[in-house]
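# Coordinate inspection notes
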Amino acid sequence: MPLSEHEQRMLEQMERALYAEDPKFATALEGSGLRTYTRRRVYQAVAGIVVGIALLMTGVIIPNVLWISVVGFLVMLGCTVLVVTGWRKAPKPGEQPVSGSTGGSARGHNRQRRSMMNRIEDRWQRRRDEQGQ
């Protein structure tokens, strides 16, 4: 559930106060949890790809055990999907993670945080206002 505008403003004020009071601590907290989690997930998926390759090769080498190759291929496929999605979701260093539940201090990032449905609803409302005038 997204925060109301009042709650977002309060959160932005608290963030600004934290940056003003202790900028070093604030930058240390900024997005590090999600970035570390995503990086760890990508590393685990890469390790899974290596295990999938090993299973695939084992299934090819051992006769009459084709199912091991199929399992290895499926493991590689699943881990590849995890790597690709993890790479896309990972925030860049210095960039705040994009989410609908936290408000940012920069106005430029506010548009990115809004969901697609919110943008569509805003456009619809503007069109209705323009037609009503």
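Residues numbered from 1 in each chain as written. Predicted model: local features only at pLDDT ≥ 70, side-chain atom pairs only at ≥ 80, totals over all residues. Heavy atoms only, no water.

The name recorded for the protein chain in an unreviewed UniProt entry is DUF3040 domain-containing protein, from Streptomyces amritsarensis.

## Quick look at the overall build of the protein chain
Looking only at helices and strands, one finds six helices and zero strands in the protein chain. Tracing the protein chain from N to C terminus, the helices and strands come up as α-α-α-α-α-α. Expressed as a percentage of its 133 residues, the buried residues of the protein chain come to 19%. Accessible area for the protein chain stands at about 10500 Å²; split by element, carbon and sulfur atoms hold 62% of it. (Helix = DSSP H or I, 4+ residues; strand = E, 2+ residues; numbered from the N terminus. Buried < 20%, exposed > 50% of the residue type's maximum accessible area, 1.4 Å probe, protein only. Areas by Shrake-Rupley, 256 points an atom, 1.4 Å probe, with all protein chains shown as cover.)

## Here's the deal with the UniProt feature "transmembrane region" (unreviewed entry) in the protein chain
UniProt marks residues 42-62 and 68-87 with the feature "transmembrane region" (unreviewed entry), using the numbering shown here. Its end C-alpha atoms 30 Å apart, residues 42-62 is made of 95% helix and 0% strand. (UniProt positions renumbered as here; feature names shortened; annotations may be inferred.)

## Regarding a positive patch on the surface
On the surface, Arg119, Arg123, Arg126 and Arg127 cluster together into a patch of positive charge. For Arg119, the location among the structural elements is in helix α6 (residues 116-132). Here Arg119 falls in the partly exposed class, since its relative accessible area comes to 33%. (Patch = residues over 30% accessible without salt bridge, like charges linked within 9 Å, V, L, I, M, F, W, Y side chains within 5 Å. Salt bridge = Lys/Arg side-chain N within 4 Å of Asp/Glu carboxyl O. Lys, Arg positive; Asp, Glu negative; His and termini not counted. Charge placed at Lys NZ, Arg CZ, Asp CG, Glu CD.)

## Some thoughts on the environment of Tyr37
Inspection of the secondary structure assignment puts Tyr37 in helix α3 (residues 32-61). Accessibility expressed as a relative area gives 47% for Tyr37, which makes it partly exposed. The spatial distance from the C-alpha of Tyr37 to the C-alpha of Gly86 is 9.5 Å, given a sequence separation of 49 residues.

## Considering a nonpolar patch on the surface
On the surface, a cluster of nonpolar side chains totalling about 500 Å² of accessible area is made up of Leu66, Val70, Phe73, Leu74 and Leu77. You can see Leu74 is positioned in helix α4 (residues 66-89). For Leu74, a relative accessible area of 52% puts it in the exposed group.

## Some words on the pattern of salt bridges
Overall, the coordinates contain one salt bridge when judged by the stated rule. Measuring nitrogen to oxygen at the nearest pair gives 3.8 Å for the salt bridge that ties Glu12 to Arg16. Taken as a pair, Glu12 and Arg16 lie in helix α1 (residues 5-21) at a separation of four residues, close to a single helical turn. For Glu12, a relative accessible area of 15% translates into the label buried. With relative accessibility at 45%, the residue Arg16 sits in the partly exposed group.

## Regarding the confidence of the model for the protein chain
On average, the protein chain scores 76 in pLDDT, and the residues at 70 or more come to 70%. Considering each helix and strand of the protein chain separately, the mean pLDDT is smallest for helix α5 (residues 107-113), with a value of 51, and largest for α4, with 86. (pLDDT = per-residue confidence, 0-100.)

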